[in-house]
Amino acid sequence: MAAINDRDLFIETIGAKNVFIRGFGFYENEVVQYATTSYPSDRTSPALIVKPKNREDIAATLEYAKKQGIAVAIRTGGHQYSGASSCTAPNIQLDLSETFQGPDDRTLLRKRGFLRTSVSWSLNEFSAYLAKNKIFVPHGQCIAVHLGGHVQSGGYGQLGRSFGLFGDHVTELEIVDHEGTPRTISRNNDPDLFKAILGGSPGNFCVVTHFTIKIYRDEDYEGSTGMKCMYIYTPQTLERLLDIVVKMSDEQEKPTPRNYDLCVSVVSSGNNFLAHFPTKGKQLRDIFNNDDNQEDIDKNLPKWPRLIFAWAQWVKLSPEDKYDPTWFNDLKKDALPTSINLDLAPTPMSKMTSKWWILDAVREYPMPYVKSTRVSDKKDLAKTGWAKWLTGRIEEVVAPTNNGLFICAQIQPFGGKESMTRKNANNGTSFSWRESTICATLDCFHSPDKKAEALAWHKVNETKVFGPNGNFSSKDMRVLWGSFGEYDFSKVWNAYHEDEAKYQFLRDQRRKHDPDGVFTPNTFCVPASPANKLPVRN
């Protein structure tokens with residue numbers, strides 16, 4: 001291929017309809033991603049957006065970027081909270097959201113238990129495909145997330161205890177490297193790069209185009225069940241549910257069997273209720289409108305009330321397994337009749353993962369946000385009083401009316417002796433904090449004029465949750481998919497990776513696989529080792 005060093009020639013090579021130039025045409029439509037509401041220009045304004053048709057276009061884009069001395073940010077869905085799947089001019093956005101969606105970009109070997117898929121599918125499309133074929137794999141909840149970023153940042157979701165992370169199930173990765181060369185790598189032929197890609201620094205080693213994962217079949221887990229509970233929000237109900245989470249996590253009485261998964265969520269009024277329960281709008285209105293103690297919901301312009309959700313699942317892992325009805329009964333208390341499957345009818349795993357444990361909306365609120373996601377290493381949360389403290393912090397946001405703040409909190413136990421997230425440690429990936437017990441997301445969306453109030457609420461939380469006297473964790477422990485705060489990764493690396501040896505390994509891999517800095521489009525990435533002397537391209 002002749003060297004491409006001119007923008008016009010580059011655009012001609014890719015095709016003008018597949019390149020969007022800042023300030024022209026449909027650029028403003030294509031540049032929007034999840035983080036745009038909160039970081040509209042300082043992180044998410046590339047000079048060009050390229051939507052490649054194939055691997056050859058990817059190679060041409062990398063070649064052009066290197067010739068120009070600029071970098072490429074890789075996007076499959078654009079759901080990265082800090083905006084790290086984008087960049088600023090003169091850098092380029094490489095958008096793979098539509099590149100690999102042909103008939104050859106998904107191959108199911110059902111009897112053998114494997115699926116080859118591209119990174120271009122959304123979780124909505126991916127989970128529908130799994131359900132159609134009566135198979136499942138652990139994955140996250142947001143339908144607009146695409147598989148490229150999801151697999152590289154872990155793929156945390158409802159099945160975290162019972163099956164582990166989405167990324168734990170990868171057996172092969174198909175990539176385009178910094179030289180534009182297609183490669184297939186695995187734990188066997190390049191264990192270091194395989195490990196670095198899965199959990200190290202998403203999008204900063206290569207362009208992942210496809211991967212192969214292990215899948216599970218419904219018929220091998222017949223008898224599994226779950227329920228999707230809905231509650232009228234009260235601080236008492238929230239604290240009671242959080243105490244159940246803490247009991248599962250602390251394991252003071254006995255280990256929580258691997259079979260059980262639970263996720264508790266809280267949303268303010270004005271929430272996107274139908275994203276959680278798409279068919280239950282009329283039923284919820286009737287419940288509130290016939291209760292003298294509850295405010296009516298306008299059927300023409302529903303302002304959905306403050307609510308709590310609990311997703312509870314039990315997997316039948318062996319023919320001898322039986323669930324504990326007490327666990328489910330404790331969760332059923334105060335659940336509204338709009339809840340799903342309270343009678344615990346056996347349900348195919350693929351139905352639960354594709355229909356119940358997924359959020360049917362692009363985002364929770366159409367507003368800017370102050371986000372926070374951390375994991376805990378403590379097993380004495382009952383003693384620290386974390387559940388009561390967290391209930392009070394959430395009440396401060398959801399209790400006032402018309403305060404311009406909107407909570408979306410999600411609490412999930414991932415740990416314990418039987419947790420597969422924990423047991424999958426040392427499996428050839430670099431996903432961090434395998435010993436963590438709980439993952440807690442506290443997102444505060446806000447109206448444009450209430451950013452200061454959202455930041456103030458977040459600041460108070462930060463003073464209590466971690467450190468030697470922290471009520472949640474002994475140190476600052478974060479996850480890449482839920483990044484927030486400091487955008488220079490070199491200043492906060494030890495919140496995302498456990499130790500300096502691992503961090504240095506990832507830096508060495510960055511130096512090896514990104515020698516020209518073409519995969520270094522912003523500061524939120526593991527920096528290459530000093531021998532590389534690569535500036536961030538911004």
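Right above here is the structure, for reference.
Being a predicted model, the structure only gives us computed values, none of them experimental. (Residues numbered from 1 in each chain as written. Predicted model: local features only at pLDDT ≥ 70, side-chain atom pairs only at ≥ 80, totals over all residues. Heavy atoms only, no water.)

*Asks:* Which parts of the structure should I look at to understand the sheet that holds strand 3 (residues 72-75)?
*Replies:* Sheet strands pair via backbone hydrogen bonds, and the direction of the pair is either parallel or antiparallel. Read from one edge to the other, the open sheet built from four strands follows the order 1-2-4-3, with strand pairing classed as mixed. In the strand order of this sheet, the two ends are held by strand 1 (19-21) and strand 3, each with one partner. Each neighbouring strand pair of the sheet contributes to a mean axis angle of 20°, computed without reference to strand direction. In terms of strand pairing, strand 2 (residues 48-50) meets strand 4 (residues 92-95) through three bridges, oriented parallel. Following the sheet pairing, Leu48 is matched in strand 4 by Ile92. Against the sheet, helix 3 (residues 55-68) touches strand 2, strand 3 and strand 4, its axis set at about 170° to strand 4. (Pairing = 2+ DSSP bridges. Helix = DSSP H or I, 4+ residues; strand = E, 2+ residues; numbered from the N terminus. Axes fitted to C-alpha atoms, helices over the stretch in contact; angles between N-to-C directions. Contact = heavy atoms within 4.5 Å.)

*Asks:* How should I be thinking about the environment of Pro325 in this particular structure?
*Replies:* Mapped onto the elements, Pro325 comes out in helix 10 (residues 325-332). For the pair formed by Pro325 and Leu344, sequence separation is 19 residues and the distance between their alpha carbons is 9.6 Å.

*Asks:* Looking at this model, I keep getting lost on the packing of aromatic side chains. Mind explaining?
*Replies:* Centre distance and the angle of the planes are the two values used to describe a pair of aromatic rings. Tallied over the entire structure, the rule returns 31 aromatic pairs. A ring pair is formed by Trp356 and Trp357, whose centres lie 5.8 Å apart and whose planes are at 75°; its orientation type is edge-to-face. The exposure classification of Trp356 matches that of Trp357, with both residues buried. Site record: aromatic cluster; members linked through ring pairs are Tyr34, Tyr81, Tyr365, Tyr369, Phe406 and Phe445. The ring centre of Trp121 lies 3.8 Å from the NZ or CZ of Arg106, which sits over that ring. The residue whose ring lies beneath Lys371 is Tyr369, and the NZ or CZ to ring-centre distance is 5.0 Å. (Phe/Tyr/Trp six-rings, centres within 6.5 Å; stacked < 30°, edge-to-face > 60°. Buried < 20%, exposed > 50% of the residue type's maximum accessible area, 1.4 Å probe, protein only. Lys NZ or Arg CZ within 6 Å of the ring centre and 35° of its normal.)

*Asks:* Would you take a moment to explain the pairing of strand 10 (residues 207-214) for this structure?
*Replies:* For a regular strand, side-chain orientation follows a simple rule: the groups alternate between the two sheet faces. Among the eight residues of strand 10, seven are classified as buried, and the element is accordingly described as predominantly covered. Pairing of strand 6 (residues 114-118) with strand 10 involves five bridges; the strand directions are antiparallel. Paired with Leu115 across the two strands is Ile213, which belongs to strand 10. One ladder, built from six bridges, connects strand 8 (residues 170-176) with strand 10; its direction is antiparallel. Of the residues in strand 10, the one forming a bridge with Ile175 is Val208.

*Asks:* Which parts of the structure should I look at to understand the side chain of Gln33?
*Replies:* One can find Gln33 in the loop between helix 2 (27-30) and strand 2. In this structure the side chain of Gln33 is engaged in a polar contact, spanning 2.7 Å, whose partner is the side chain of Ser85. Excluding residues that lie within four positions of it along the chain, Gln33 makes contacts with Arg75, Gly78, Ser85, Ser86 and Gln93. (Polar contact = N/O pair within 3.5 Å; in protein donor to acceptor, adjacent residues only side chain to side chain.)

*Asks:* What is the right way to read the pairing of strand 18 (residues 438-446) from this model?
*Replies:* Strand 18 sits mainly inside the fold: nine of its nine residues count as buried. Looking at chain direction, strand 15 (residues 369-370) and strand 18 are connected through two bridges and run antiparallel. Considered in strand 18, the bridge of Val370 is made with Cys444. Here strand 16 (residues 373-375) pairs with strand 18 via three bridges, running antiparallel. Its bridge partner lying in strand 18, Val375 is registered against Cys439. Direction of pairing for strand 17 (residues 405-413) relative to strand 18: antiparallel, over a ladder of nine bridges. Bridge assignment links Pro413 to a residue of strand 18, and that residue is Ile438.

*Asks:* Just checking my understanding: could you explain the state of the cysteines for this structure?
*Replies:* Formally, a disulfide is one covalent bond, and it connects the sulfur atom of one cysteine to the sulfur atom of another. Applying the stated rule across the entire model yields zero disulfides. Here Cys206 is not disulfide-linked; the sulfur of Cys525 is the nearest cysteine sulfur, at 14 Å. Cysteine Cys525 shares no disulfide, and the gap to the nearest cysteine sulfur, in Cys87, comes to 12 Å. On the basis of relative accessible area, Cys525 is assigned to the buried category, the value being 4%. (Disulfide = S-S within 2.5 Å.)

*Asks:* Mind showing me how you'd approach unusual backbone geometry here?
*Replies:* The step from Ala89 to Pro90 runs through a cis peptide bond, and the omega angle for that step is 10°. Note on placement: Pro90 falls in the loop between strand 3 and strand 4. We note that Lys134 has phi near 55°; this positive angle belongs to a residue other than glycine. The topology assignment puts Lys134 in the loop between helix 4 (123-132) and strand 7 (135-136). Although it is not a glycine, Leu344 sits at a positive phi angle of roughly 60°. The exposure class of Leu344 is buried, given its relative accessible area of 9%.

*Asks:* Got a minute to help me understand the packing of helix 1 (residues 7-14) against helix 3 in this structure?
*Replies:* Each pair of packed helices can be summarised by the angle the axes make with each other and by the distance between the axes. Direction vectors running N to C along helix 1 and helix 3 enclose 170°, while the axes themselves pass 10 Å from each other. On the basis of the axis angle, helix 1 is roughly antiparallel to helix 3. Along its contact with helix 1, which presents Arg7, Phe10, Thr13 and Ile14, the element helix 3 presents Asp57, Ala60, Thr61 and Tyr64. Grouping the constituent residues of the contact of helix 1 with helix 3 by class yields four nonpolar, two polar and two charged. (Parallel < 35°, antiparallel > 145°, perpendicular 65-115°, else oblique. Nonpolar A, V, L, I, M, F, W, Y, C, P; charged D, E, K, R; others polar.)

*Asks:* Explain the pattern of salt bridges here, please?
*Replies:* In a structure, side chains of opposite charge can pair up when their charged atoms sit close to one another. What the rule picks out here adds up to 26 salt bridges. Between Glu462 and Arg374 there is a salt bridge, with its nearest N and O atoms 2.5 Å apart. On the criterion of sequence distance, the pair formed by Glu462 in helix 15 (residues 451-462) and Arg374 in strand 16 is long-range, its members being 88 residues apart. What you see here is one network of salt bridges that share partners, running through Arg110, Arg217, Glu219 and Asp220. (Salt bridge = Lys/Arg side-chain N within 4 Å of Asp/Glu carboxyl O.)

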